[in-house]
Every structure is written in C-alpha cells, then in structure tokens.
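Take a look at the letters that make up each chain.
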Amino acid sequence: MPIALFVLGLTVFSLGTTEFMIAGLLPELSGAFGVSLPQAGLLISLFAVGVVIGAPLITAATTKVPRKTALVALLAVFIAGEVLAAAAPSFGVLMAARVVTAVAHGSFFGIGAVVASNLVEPGKRARAIAIMFGGLTIATIAGVPLGTFVGQHFGWRATFLAVAVLGVIDLIGVLALVPHQPRAGHLGLRHELAAFRNPKVWLALGTTALSQAALYTAYTYIAPLLTDFTGFSAGMVPPLLALFGFGTFLGSVLGGKLADRSLMGTLCAGLLLLAVMLGAFSLAAHSKPAMIGTLFLFGIGSFLINPALQTRVMNETEGAPTLASTSNISAFNVGNALGPWLGGVGLSAGAGLLSPSWIGAGLAVASLVVALGAVGLDRRTGKEVNSDAGRTRELVEGSR
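What counts and what doesn't
Residues numbered from 1 in each chain as written. Predicted model: local features only at pLDDT ≥ 70, side-chain atom pairs only at ≥ 80, totals over all residues. Heavy atoms only, no water. Core = buried A, V, L, I, M, F, W, Y, C linked by side-chain atoms within 4.5 Å. Buried < 20%, exposed > 50% of the residue type's maximum accessible area, 1.4 Å probe, protein only. Helix = DSSP H or I, 4+ residues; strand = E, 2+ residues; numbered from the N terminus. Contact = heavy atoms within 4.5 Å. Patch = residues over 30% accessible without salt bridge, like charges linked within 9 Å, V, L, I, M, F, W, Y side chains within 5 Å. Areas by Shrake-Rupley, 256 points an atom, 1.4 Å probe, with all protein chains shown as cover. Salt bridge = Lys/Arg side-chain N within 4 Å of Asp/Glu carboxyl O. Phe/Tyr/Trp six-rings, centres within 6.5 Å; stacked < 30°, edge-to-face > 60°. Lys NZ or Arg CZ within 6 Å of the ring centre and 35° of its normal.

K.L.:
So what exactly am I meant to see when it comes to the nonpolar core here?
P.N.:
Grouped burial of nonpolar side chains is what soluble globular proteins tend to show. Membership of the largest hydrophobic core comes to 106 residues, with the highest contact counts inside it found for L8, L94, Y219, I222, L278, M291 and F298. No other element matches the 14 residues that helix α1 (residues 3–33) contributes to this core. Judged by nonpolar contacts, the second largest core, of 10 residues, contains A60, F196, L323 and A331.

Here's what the structure looks like:
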C-alpha cells in the first residue's frame, strides 16, 4: 500500500483523538466549567453539528480546488481550532473552538477518503479506506486513553495542545508525501449534486446516521457507567477505553477486507453485532469481567461497518464522489450529535445510566432495517449487492 495512505491514517489519528477524547474528559470539563454532564456532552454534539453543516459547504466551495491543496488548508484550520480550544477562557469559547475544528475535520475525512481510494487499484478501495479510517481506531486505542490520562494529570488544556502539535506533524507529512490529485476540469458543483438523485445514496446516508447515533448514545456516557454503575475506579477508565479501541481496530481491519468481498453482507452483520452488544450492556454492566468482554465486542461492531458505509456511498455516486463522501461524514456526525442528546434525555429523565445503551440498541436495529431496505432495492433493480470490481474501476477513473 502507498505510504501516502498511512500519512492520511496518521492525520485521521489526530482528528479522531480530538473527536473522541471528550468522552474521557467529560468529568474534568464538567468540573472545570461548572456545568452538568449532559451540558458537557454538548461539546460532542456541537462538534458533530459543525461537521454536518460546515463540511459539505466547505467541500462544495472547493469542488475545483486540487485535493492536496484542500487537505493542507483544512489541516491549518484544524491546528488553529485546537490552539483556540487549549486557550479557551470559558465554556462558550471552548464550544466555538470545537465547531471550528469540526468543519476542518469533516471536510478532511470526505476529501481524504476520495484521495485514499484513488491511490490503489479498484479492487482494494474498501481496504484503502479502512487504512485511512484505521487512524480513527488507533485514536480510540491510544489517542483517547492518552488524552484522558494527560487531561487527568496535567489538565485538559494540555490535551488540546498535544493534539495541535500532532496536527503540525500531519501537515508536514501531507505536504511531503501525499501526491497531487487535481480536480477534473469538467466536473463542478452541479455534477456533484446530481449524485444525490440516487435514492440508494440517501438510504446509505440514513444507515450511517442511525448507526453512529447508536454508537454515540452509549459511548458518550461510558465513563460514568464504568465508574458509577459497574464500580471501576477512575484510573481504570483509560485502559478500558483502550480495550474498546482494540476492538474498533480489529473491526476496521476485518471490515475493510470483508467489505471488498461482500459489502452489504459485512454492513448488515456489523449492525446486528452492534445492536446485540448495546442490548447486552444491561446485563454486563453488573459484572466487571462481563463488562470488559462486552466493551471489546462493542468496539468491533462499532467499526466493522465503517469501510462498508463509506464505500457504499462512493460506489453509488457515479464518478462524482467528493461531495457525497463528505456528506457521509456529515451523516456520521448527524448520528454523533443525535446520540449524546438522546443519551442525555434518558439520563435527565431519571432512567439511569443504562438508558443510553438501550436507546442505542434501538437505533442500531433501525439502522439495520434501513440497510436491509437498501439490499431489497438492489435486488429489485437487478444490481449486485457486493462491490463490483469493474464498476469500481469506472468510478475511480471518473473521480480523477
């Protein structure tokens, strides 16, 4: 695989760390600014809103800008957002910094996924995207636990500064090692928007949004569940988050390999596993050993689906994948925004720390139903459920 893929993966590691680390720092941020846990959870929801609204707009505005130039500019904005967050004098400024960072985050993911898919031969698109998204899983293994550790021992501001330094390293790597990929001169915003006439694109986006809502409903409040319900000490939260991260890494690797063979089969199996594990929290949370195993399997199911989700959208956009790819990142973050809010509703209603996992299980089932609807539409239109190498080659060449 080209080294540029791993540079993109390293950058996604930084992006993923700043996205996920808030869950581990929620108690510290709540105490630092004198806000409740559900209010602190808005830092995750508003980040997601920034991606949902900002990322497609930025991508649409750069449809004729060379992709490498766009990636470099987005990294510069990302670094600025992290520095602003580290210096935030109030909760409002911190929320604003998160929104700035989110706009760069979402656009980078969408454009970067197209760049990654164009770096490899047609039959390896899902694996290429899995390598890039692998940075996100490594963020859950190493970045988030380390960020939580740094925040607990050196203050939450130090965590944001550390991510800003990583962003500078990423910027140097992209400048030096990611090849130039010009936009095709005849393709513009109108051509990109035309891809959304395909109903399968909307089904794919809906599957993404619901599945991520399922994940984030439970994951946002995992730290208080582990400490206040299951009885783990606060010091055990970072290694337990790392265990979840190992599950996400394994899920992403398996998802990339399996999605190139059976895209929708992999997606549906992953969604089923996600729903089962979220439902299992209600039993596992009463036992520390059971919680450890469930948390690991929860990680696998959460990320087994990601390569299939992203590849599905790109396969259905007929040579204009950039805006649709970014829109799928927005769909991820629609779920990321909806999940913490729904989990907070359950907590605020007094339903207890297990309520987010039950809400998440319902959302995972809904996502599976939408995915199965897409499978049915594939069959009615006479198209293959799996990614087809010949069709993929046409899409890759058309997106260059």
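K.L.:
Can you walk me through the environment of Q181 in this structure?
P.N.:
Relative to the helices and strands, Q181 resides in the loop between α7 (156–177) and α8 (189–194). Taking the C-alpha atoms as reference points, Q181 and N118, 63 residues apart in sequence, are found 8.8 Å from one another. Not counting residues within four places of it along the chain, the set of residues in contact with Q181 comprises P66, R67, V114, V115, N118 and L119.

K.L.:
So what exactly am I meant to see when it comes to a nonpolar patch on the surface here?
P.N.:
Among the surface-exposed residues, L10, V165 and I169 lie close enough to one another that they form a single nonpolar patch of about 260 Å² accessible area. In this structure, I169 sits in helix α7.

K.L.:
Is there a simple way to think about helix α14 (residues 306–315) in this case?
P.N.:
Because the α-helix completes a turn every 3.6 residues, residues three or four places apart line up on one side. Most of α14 sits inside the fold, with 10 of its 10 residues counted as buried. Here α14 has its buried residues at N306, P307, A308, L309, Q310, T311, R312, V313, M314 and N315.

K.L.:
What exactly am I supposed to notice about the environment of P224 here?
P.N.:
When you line up the elements, P224 lands in helix α10 (residues 222–230). P224 sits in the buried class, given a relative accessible area of 8%. Distance in space between the C-alpha atoms of P224 and G31 is 14 Å, their sequence separation being 193 residues. When residues no more than four places from it in sequence are discounted, the contact partners of P224 are L37, F229 and L353.

K.L.:
Before we go on, may I ask you to explain the pattern of salt bridges in this structure?
P.N.:
Think of it this way: side chains of opposite charge can pair up when their charged atoms draw near. One pass over the structure, following the stated rule, counts three salt bridges. A salt bridge links K200 to D378, with the nearest nitrogen and oxygen atoms 2.9 Å apart. Of the two residues, K200 sits in helix α9 (residues 199–219) while D378 sits in helix α16 (residues 355–380), which places them 178 residues apart along the sequence. With relative accessibility at 5%, the residue K200 sits in the buried group. By relative accessible area, D378 is classed as buried at 0%. For D378, the salt bridge goes to R312, with nearest N and O atoms at 3.0 Å.

K.L.:
Looking at this model, I keep getting lost on the packing of aromatic side chains. Mind explaining?
P.N.:
For any two aromatic rings, the description comes down to two numbers: the centre-to-centre distance and the angle of the planes. Scanning the model with the defined rule gives nine aromatic pairs in all. Where F109 meets F133, the ring centres are 5.5 Å apart and the plane angle is 65°; that geometry is what we call edge-to-face. Pair noted here: F109 is in helix α5 (residues 91–117) and F133 is in helix α6 (residues 125–154), with a separation of 24 residues, a long-range link. F133 matches F109 in its accessibility class, with the two residues each being buried. An angle of 75° between the planes, with centres 6.5 Å apart, marks the rings of Y216 and Y219 as edge-to-face. With Y216 and Y219 both in helix α9 and three residues apart, the pair spans about one turn of that helix. Y219 shares its class with Y216; the two are buried. Three or more aromatic residues joined by ring pairs make a cluster, and in this case those are Y216, Y219, F244, F281 and F298. Lying over the aromatic face of F232, K288 brings its terminal NZ or CZ to 5.5 Å of the ring centre.

Interpretation in functional terms is not warranted from these geometric data alone.
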